[in-house]
Amino acid sequence: MGAGEGMGGDAMGGMMPPSDPGGMPMPSRGGRMAMHMTFFWGKRVEILFSGWPGDRGVGMYLLALLFVFVASALVDYLSSISRRLSRGPAATPGDRRVSTAVLLTTLHAVRLGLAYLVMLAVMSFNVGVLIVAIAGHAVGFLVSGAGLSKGDPSNEPADPTKSMYS
């Protein structure tokens, strides 16, 4: 192997997948689909897991898009919930403060896990996945961050009688 050559024998380290004239990746060694290095349109894609949805049809592709949409919407919704919890009334007992900290830490870990899954899904370089990830984040923000969800005190109008009689 020469300088700069990878296991694939080319100067790019085997990273560039061969493609047919239509832009679809050709199967790499072992019959698996090669990874795209540029954005592309199409339902033949692997998102997150090997072979999923792959060549299983439009229904599985749409299910994968729905998963990415829901995951990205949950990222923004969980972010809003953790902001509301952290702004809540300060608790004097130590147990409640520890339980709130554990809850906030759990929400943070779940939110970051979902965010990383969405990021990895977008790294499939499929334009449909990118669009539904952005749309999911937008809907999640609209529902929670913009104050459209029920029970959000920041969205409720101020009560004028509270300032008069307090």
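Our structure's up above, just so we're on the same page.
This text gives an overview of the structure that appears in the document. Within every chain, residues take consecutive numbers counted from 1 along the sequence as written. Residues qualify for local features only when their pLDDT is at least 70, as the model is predicted, and side-chain atom pairs are given and counted only at 80 or more; totals for whole chains, interfaces and linings, by contrast, use all residues. The basis for every side-chain value is the complete set of heavy atoms in the structure, and neither hydrogens nor water enter the calculation.

**A closer look at the packing of aromatic side chains**
Just so we agree on the cut-off: Ring pairs shown here join Phe, Tyr and Trp side chains whose ring centres sit within 6.5 Å, with only the six-membered ring taken for Trp; geometry is labelled stacked below 30 degrees between planes, edge-to-face above 60, and tilted in between. The helix and strand labels rest on DSSP assignments: H or I over at least four residues marks a helix, E over at least two residues marks a strand, and numbering proceeds from the N terminus.
Counting across every chain of the model gives 3 aromatic pairs. Ring centres 5.3 Å apart and planes at 75° place the aromatic pair Phe39 and Phe125 in the edge-to-face group. With Phe39 in the segment before strand E1 (45–46) and Phe125 in the loop between helix H2 (94–122) and helix H3 (127–145), the pair connects residues that are 86 residues apart, well separated along the chain. Aromatic pair Trp52 and Phe67: ring centres 6.2 Å apart, planes at 85°, arrangement edge-to-face. Taken together, the residues span a long stretch of sequence, with Trp52 in the loop between E1 and strand E2 (53–54) and Phe67 in helix H1 (residues 58–86) at a distance of 15 residues.

**A short note on the environment of Leu63**
Looking at where Leu63 falls in the secondary structure, it is placed in helix H1. Through-space distance from the C-alpha of Leu63 to that of Pro53 is 8.4 Å; in sequence the pair is 10 residues apart.

**Re the pattern of salt bridges**
In plain terms, the rule: One side-chain nitrogen of Lys or Arg within 4 Å of one carboxyl oxygen of Asp or Glu is enough to make a salt bridge. The buried label applies to any residue whose accessible area, calculated with a 1.4 Å probe on protein chains only, is under 20% of its type's maximum; exposed applies above 50%, and partly exposed to all values in between.
Evaluated as defined, the whole model comprises 1 salt bridge. A salt bridge links Asp55 to Arg44; the shortest N-O distance between them is 2.9 Å. Here the residue Asp55 occupies a position in the loop between E2 and H1, and Arg44 occupies one in the segment before E1, the gap between them amounting to 11 residues. On the basis of relative accessibility, which here comes to 57%, the residue Asp55 falls in the exposed class. Judged by its relative accessible area of 26%, Arg44 is partly exposed.

Interpretation in functional terms is not warranted from these geometric data alone.
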